[in-house]
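What follows is the residue order along each chain.
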Amino acid sequence: MSALALELSTIGVLMRRALNEILRVPGAAIPGILAPSLFMLGLTGAFGALTELTGFSTESYISFILPVSLMQAAGFAGAATGVNTVRDIELGWFDRLYLAPTPRPALLAGIVLSAGFRALLPMTAVLTIGLLLGAQWPGVSGLLIAVLLALTFSAVSASWTVGLALRFRTQAAAPLMQASMFMAVLFTTSYAPLELLTGWLQTVASINPVTQVVEGVRQGFVEGVSFTGTWPALVVLAVLLGLTFAFALRGLAKTGR
Amino acid sequence: MAAIEVQGLEREFKGGVKAVQGIDLAVGEGEIYAFLGPNGAGKTTTVRMLTTLLRPTGGRALVAGHDVAKEAAAVRRQIGVALQEAALDPLMSGHELMRLQATLHGLPRAEGRRRADALVERVGLGYAKDRRVGTYSGGMRRRLDLGMALVHEPRVLFLDEPTTGLDPSSRAAIWDEVRRLNDEGTTVFLTTQYLEEADQLADRVGIIDDGRMAIEGTPAALKAQVGQPHLDVCLTDGANDHAEGVLARFGEVRPGIEGVHFQVTLAGGAGDIAPVVRALDEAGLAVAQLNLVNPTLDDVFLAETGRHLEGDQDTGEVAALSVESG
Amino acid sequence: MRAELRAIGALGLRSIRNTFRYPRYLGPILVFPTLFLAVNTGGAGGAIDLPGFPEVHGFLDFQLAAGILQASLLAAVMGGTGLALDIELGFTDRLLAAPIRRPTIVLGRLAATFVLGMFAAVWFLAIGFAFGAIVKGGVLGVIFVILFGGLTATAFGGIASAIALKSGTASVVQGMFPLVFVILFVSSAFFPAELMQEPSQTIAHYNPVSLVAAGIRGPVVFGLSASDTLDGLLGLAIIGGLGFVLSAWGLRARLRAS
């Protein structure tokens, strides 16, 4: 088998393995679907009146918040990948991967890309519920851009949390993985446009690169897609993916030292 | 070329803990080498270094001709590993895991499937190959783990305590498979805390204690170093004053309970048992019990370190011969 | 009677010690509600400019009740999880074999939950003060809020204990975690009910948690008032009453199963 074929088939089997948990463990997918869906519905019910504030970009709060729930679904799928990696390390399964002669980047890519698989189900649920409850239809291009950006974010999240898993090698790191994703997604223009955020959150959201991704996912649901609304998100994701993948790869290289 | 060559291998962990303190060993091609030692001696740390899971902090090790630190990927292509914990995914079936392992080792799909089909049968799991591993017993998991270690036909096989926790029949099945592999030319490096396992399987044994090699050699040669077999003789109560004199004809006698219990080293080995019994009978001495005690690797360890190997406190393999007094 | 109180105290102390000895048990009760408080305050803080929003010193002051409620409910779920773990590990059997009254087993756990609820209230009040919130009810108001935090945790703790006793499995109790957020979202914990969207607004009007929220929020935002206090106590009575009935039923079921 050529080197490229080995890498691609390794990525393939690891992605397929990740599907097992969803397909073979009844109820395993439920928490991942429930959390972002409840969040979307709950916030819409509680804070929906915020759209009456001057400067809000839409009259439909569910259209505004649905993209955040998509990002949450993607982010938590990535966090789950990190938690599962810790479990694999504790059970010795990771040694088996490490013993394979496969290049490390391919091993990591297989694990990271599997987060995208995991994210698809909750993202579909959130999208369906949101659209049924009146969220604006983003159009085909808006939908494709939203899904592409969110799935790429799931890879960023997975790289980050796998890096943490390799660093700490214990389930006690799980809350750190979940909390970091929580903050990454919510410390943005998650609840309201930047101008309407108050105090410290306005400052943090203006600095947080994930804000660009949230806005990129949101554009189809509130205004309409454009290149200027998309390219900042793509650039941010490319940089974040590079940095977090390198972080995880470094963790893999340091294993056993 | 040796299959495994180790020179001054060391591993120091954070906090200054030296789990392995400069060991030297060599394992020839096609050999079964048993690495024996008490818990915490450094066996697993050594195996993890030789299988590239842990980087040595000192010394050098070559496995299948490749340096474990500098040519780790080349080492991994040549070795199969079954670790102490059979690290298996409970959600996958045995056959799926075999095919996954084949893919990770670069076997083309058709070849991987063929190897998986053959190996599940070989390790006796053909009937359960499509069942999820979560339903397997401990013995089944170990057999699957062993099969997975063989999927790419490794030159050197590392087995870290392969039969710990298994029942006797499962253990025997693993032993049979190890012998068969070795007959086919695979070098086997085996760690164990079971003396009998090392005795039964190994061409050579290395005993590690507290991170250092205590002693190394063939099982027979090591045991011969600590002495010959001895006979535990227990006589019935009575006038046994002359018993020591009778027994002294056959070897050195160590009296136990006065006039009743004796230990005699058999200069002629087990072949002297019948003459001893005849001599005692002719002297009118009634035997209550007779036990032949062979030296064991634990005796070897005891002689070398002053301590027993953990988990096997019995000194000597006892072949109990109950002889009724006439 | 004194012996029973001592037993309740000993069991309660055991639970509290275990929680504080392992910070990872305290984390979920405090970390996420704190993060949520931060995001809600920063993200929805402009809401105080909405017509119909009550006159408040700051949105953070308004949100403190939500943080305390969330942490108290999570403390209740954690208490139930601990009880379920005791059942799984067989520790409850040890207690049943002891010469203590059966309800003591649950009351001990609830005593610990009460303390955790008060601790959560202290935590959020401290955060509030650190970031500029004030308690209009003064020192007495602070005491009221802390007590309400403890009582809220206890009231919900009865429900969590009932689930633990009936199922005997920690993972079933942990399944309550999402319900905590559902219950809070369809109440006036985060936002005034009059300004919520339907159907959440209607549900909030009937949700006893809204009454409890009023009881906790009142002393902070408006100062001490009999109506807020009575609302809070009524909400606690409804939830606590339900918890009492369910946990008594759960205990009977557990004793039958033992």
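Residues numbered from 1 in each chain as written. Chains lettered and ligands numbered in written order. Predicted model: local features only at pLDDT ≥ 70, side-chain atom pairs only at ≥ 80, totals over all residues.

Participant: Now, about the overall build of chain C: what can you tell me, with residues and values included?
Facilitator: Helices and strands together make up the secondary structure of chain C, namely eleven helices and zero strands. In terms of overall dimensions, chain C is globule-like: its C-alpha atoms have a radius of gyration of 18 Å, near the 18 Å expected for 258 residues. Expressed as lengths along the three principal axes of its C-alpha atoms, the size of chain C is roughly 60 × 35 × 35 Å. Expressed as a percentage of its 258 residues, the buried residues of chain C come to 55%. Sequence-distant contacts, at least 24 apart, represent 79% of the contacts inside chain C between residues at least 6 apart. (Helix = DSSP H or I, 4+ residues; strand = E, 2+ residues; numbered from the N terminus. Rg over C-alpha atoms; globule rule 2.2 N^0.38 Å. Buried ≥ 20, exposed ≤ 12 C-beta atoms within 10 Å, placed from the backbone. Contact = placed C-beta atoms within 7 Å.)

Participant: Explain the interface of chain A and chain C residue by residue, including any values.
Facilitator: Between chain A and chain C, the residue contacts involve 29 residues of the former and 24 residues of the latter. Elements with a minimum of two residues in the side of chain A that touches chain C: helix 2 (30-47), helix 7 (174-186) and helix 8 (199-207) of chain A. Classifying every residue of the side of chain A that touches chain C by side-chain character gives 21 nonpolar, seven polar and one charged. (Nonpolar A, V, L, I, M, F, W, Y, C, P; charged D, E, K, R; others polar.)

Participant: Go over the packing of helix 1 (residues 2-21) of chain C against helix 5 (residues 102-130) of chain C with me, naming the residues and quoting the values.
Facilitator: Residue and element names in this part refer to chain C. Taken N-terminus to C-terminus, the directions of helix 1 and helix 5 make an angle of 50°; their axes are 7 Å apart at the nearest point. Taken together, helix 1 and helix 5 sit at an angle that is classed as oblique. The two elements helix 1 and helix 5 cross, and the hand of that crossing is right-handed. On helix 5, the residues touching Glu4, Ala7, Ile8, Gly9, Leu11, Gly12, Ser15, Ile16 and Thr19 of helix 1 are Thr104, Leu107, Gly108, Arg109, Ala111, Ala112, Val115 and Leu116. Counted by class, the contact of helix 1 with helix 5 contains nine nonpolar, six polar and two charged residues. (Axes fitted to C-alpha atoms, helices over the stretch in contact; angles between N-to-C directions. Parallel < 35°, antiparallel > 145°, perpendicular 65-115°, else oblique. Left-handed = near helix turned anticlockwise from the far one by under 90°.)

Participant: Report on the packing of helix 3 (residues 94-104) of chain B against helix 4 (residues 109-122) of chain B, specifying residues and quantitative values.
Facilitator: Residues and elements named next belong to chain B. It is the contact of helix 3 with helix 4, at a shortest axis distance of 9 Å, that shows an interaxial angle of 135°. Taken together, the axes of helix 3 and helix 4 are oblique relative to one another. For the pair helix 3 and helix 4, the sense of crossing is right-handed. Touching Gly94, His95, Met98, Arg99, Ala102 and Thr103 of helix 3 are Gly112, Arg113, Arg115, Ala116, Leu119 and Val120, all from helix 4.

Participant: Requested: an account of the sheet that holds strand 2 (residues 18-27) of chain B, with residues and values cited.
Facilitator: As a general point, the strands of a sheet are linked pairwise by backbone hydrogen bonds and lie either parallel or antiparallel. All names here are of chain B. Reading across from one edge, 2-1-4-5 is the order of the four strands in this open sheet, with antiparallel pairing throughout. Whereas interior strands pair on both sides, the edge strands pair on one side only; in this sheet they are strand 2 and strand 5 (66-67). Summarising the sheet, strand 1 (residues 4-12) and strand 4 (residues 58-63) pair through five bridges and their orientation is antiparallel. Looking across to strand 4, one finds that glutamine 7 is bridged to arginine 60. (Pairing = 2+ DSSP bridges.)

Participant: Quick rundown of the confidence of the model for chain C? Include the residues and the values.
Facilitator: Residue and element names in this part refer to chain C. When pLDDT is averaged across chain C, the result is 89; 97% of the residues are at 70 or more. Helix 4 (residues 91-96) is the least confidently modelled element of chain C, averaging 74 in pLDDT, while helix 10 (residues 208-221) averages 96, the highest of any element. Interface confidence for the predicted complex, expressed as ipTM, amounts to 0.86; the pTM equals 0.82. (pLDDT = per-residue confidence, 0-100.)

Participant: Go over the interface of chain A and chain B with me, naming the residues and quoting the values.
Facilitator: Contacts between chain A and chain B engage 22 residues on the former and 20 residues on the latter. Of all the secondary structure elements, the ones that give two or more residues to the side of chain A that touches chain B are helix 1 (3-24) and helix 4 (93-99) of chain A. Of the residues forming the side of chain A that touches chain B, the biggest block, eight residues, is contributed by helix 1 of chain A. A breakdown of the residues in the side of chain A that touches chain B according to their chemical character gives ten nonpolar, six polar and six charged.

Participant: Residue-level account of the domain arrangement of chain B, with values.
Facilitator: Residue and element names in this part refer to chain B. The domains assigned to chain B are domain 1 (4-217) and domain 2 (225-321). The gap between the C-alpha centroids of domain 1 and domain 2 is 39 Å. Counting from both sides, the interface comprises twelve residues of domain 1 and, opposite them, eleven residues of domain 2. Every element with two or more residues in the side of domain 1 that touches domain 2 is listed here: helix 7 (195-201), strand 9 (204-209) and strand 10 (212-217). Residue composition of the side of domain 1 that touches domain 2, grouped by class: eight nonpolar, two polar and two charged. (Domains from an automatic or database assignment.)

Participant: Give me the sheet that holds strand 10 of chain B: which residues, what numbers.
Facilitator: Residues and elements named next belong to chain B. Taken together, the six strands give an open sheet; going across it, the order is 6-7-8-3-9-10, and neighbouring strands pair in mixed fashion. Because the sheet does not close on itself, it has two edges, and the strands there are strand 6 (79-82) and strand 10. Each strand of the sheet is rotated relative to its neighbour by a mean of 15°, with strand direction disregarded. Bridge analysis of strand 3 (residues 32-36) against strand 9 gives four bridges, and the strand direction is parallel. Note on strand 9: the bridge partner recorded for phenylalanine 35 is glycine 206. Contacting strand 3, strand 7 (156-160) and strand 8 (187-192), helix 6 (residues 168-183) runs over the sheet at an angle of about 150° to strand 8.

Participant: Give me unusual backbone geometry: which residues, what numbers.
Facilitator: Omega for the peptide link from Glu198(C) to Pro199(C) comes to -5°, which places this bond in the cis form. A positive phi angle is found at Arg169(A), which is not glycine, with a value near 55°. Tracing the backbone through its elements, the reader meets Arg169(A) in the loop between helix 6 (139-168) and helix 7. Arg169(A) gets classed as partly exposed once you count the C-beta atoms within 10 Å, which come to 16. Of note in the backbone geometry, Asp210(B) takes a positive phi value of approximately 55° without being a glycine.

Participant: Give me the lowdown on the nonpolar core, citing residues and values where you can.
Facilitator: In terms of nonpolar packing, the biggest core is built from 246 residues, with Leu70(A), Ala150(A) and Leu69(C) touching the most fellow members. At 18 residues, the largest contribution of residues to this core is made by helix 3 (residues 59-89) of chain C. Both domains that furnish three or more residues to this core are identified here as domain 1 (4-217) and domain 2 (225-321) of chain B. Excluding residues that lie within four positions of it along the chain, Ala150(A) makes contacts with Leu70(A), Met71(A), Ala74(A), Ala119(A), Met123(A) and Val217(A). (Core = buried A, V, L, I, M, F, W, Y, C linked by C-beta atoms within 7 Å.)

Participant: Please give an account of the confidence of the model for chain B that cites residues and values.
Facilitator: The predicted model of chain B has a mean per-residue pLDDT of 86, with 94% of residues at 70 or higher. This stretch, residues 312-326 of chain B, has a pLDDT under 50; its non-local contacts, to residues over four places away or in other chains, come to 31 contacts.

Participant: Go over the pairing of strand 3 of chain B, please, and point to the residues and values.
Facilitator: All names here are of chain B. Of all five residues making up strand 3, five are buried, and the element is well covered by its neighbours. Burial of strand 3 is two-sided: the residues Ile32, Ala34 and Leu36 facing one way and the residues Tyr33 and Phe35 facing the other way are all buried. Across five bridges, the pairing between strand 3 and strand 8 is parallel. Bridged to isoleucine 32 within strand 8 is valine 188.

Participant: Give a detailed account of the pairing of strand 4 of chain B, specifying residues and quantitative values.
Facilitator: Looking along a regular strand, one sees side chains alternate from face to face of the sheet. Judged from the two bridges that link them, strand 4 of chain B and strand 5 of chain B form a sheet pairing that is antiparallel. Pairing of Leu62(B) across the sheet is with Asp67(B), part of strand 5 of chain B.

Participant: So what's going on with the environment of Phe76(A)? Which residues, and what values?
Facilitator: Residues and elements named next belong to chain A. Structurally, the position occupied by phenylalanine 76 is in helix 3 (residues 61-91). Using a count of 27 C-beta atoms within 10 Å as the deciding quantity, one classes phenylalanine 76 as buried. As for phenylalanine 76 and alanine 35, which are separated by 41 residues in sequence, their C-alpha atoms are 9.1 Å apart. If sequence neighbours within four positions are ignored, phenylalanine 76 has contacts with Gly32, Ala35 and Met181.

Participant: If you had to explain the arrangement of the chains to someone new, which residues and values would you point to?
Facilitator: Comparison of the two pairs of chains in contact shows the highest number of contacts for chains A and C. At the level of C-alpha atoms, the two units chain B and chain C stay apart, their nearest approach being 20 Å.

Participant: How would you summarise helix 7 of chain A if you had to cite specific residues and measurements?
Facilitator: With 13 residues, helix 7 of chain A extends 18 Å between its outermost C-alpha atoms, agreeing within 8% with the 18 Å of an ideal straight helix rising 1.5 Å per residue. Where helix 7 of chain A is concerned, the buried positions are Ala174(A), Met177(A), Gln178(A), Met181(A), Phe182(A), Ala184(A), Val185(A) and Leu186(A). (Expected span 1.5 Å × (residues − 1).)

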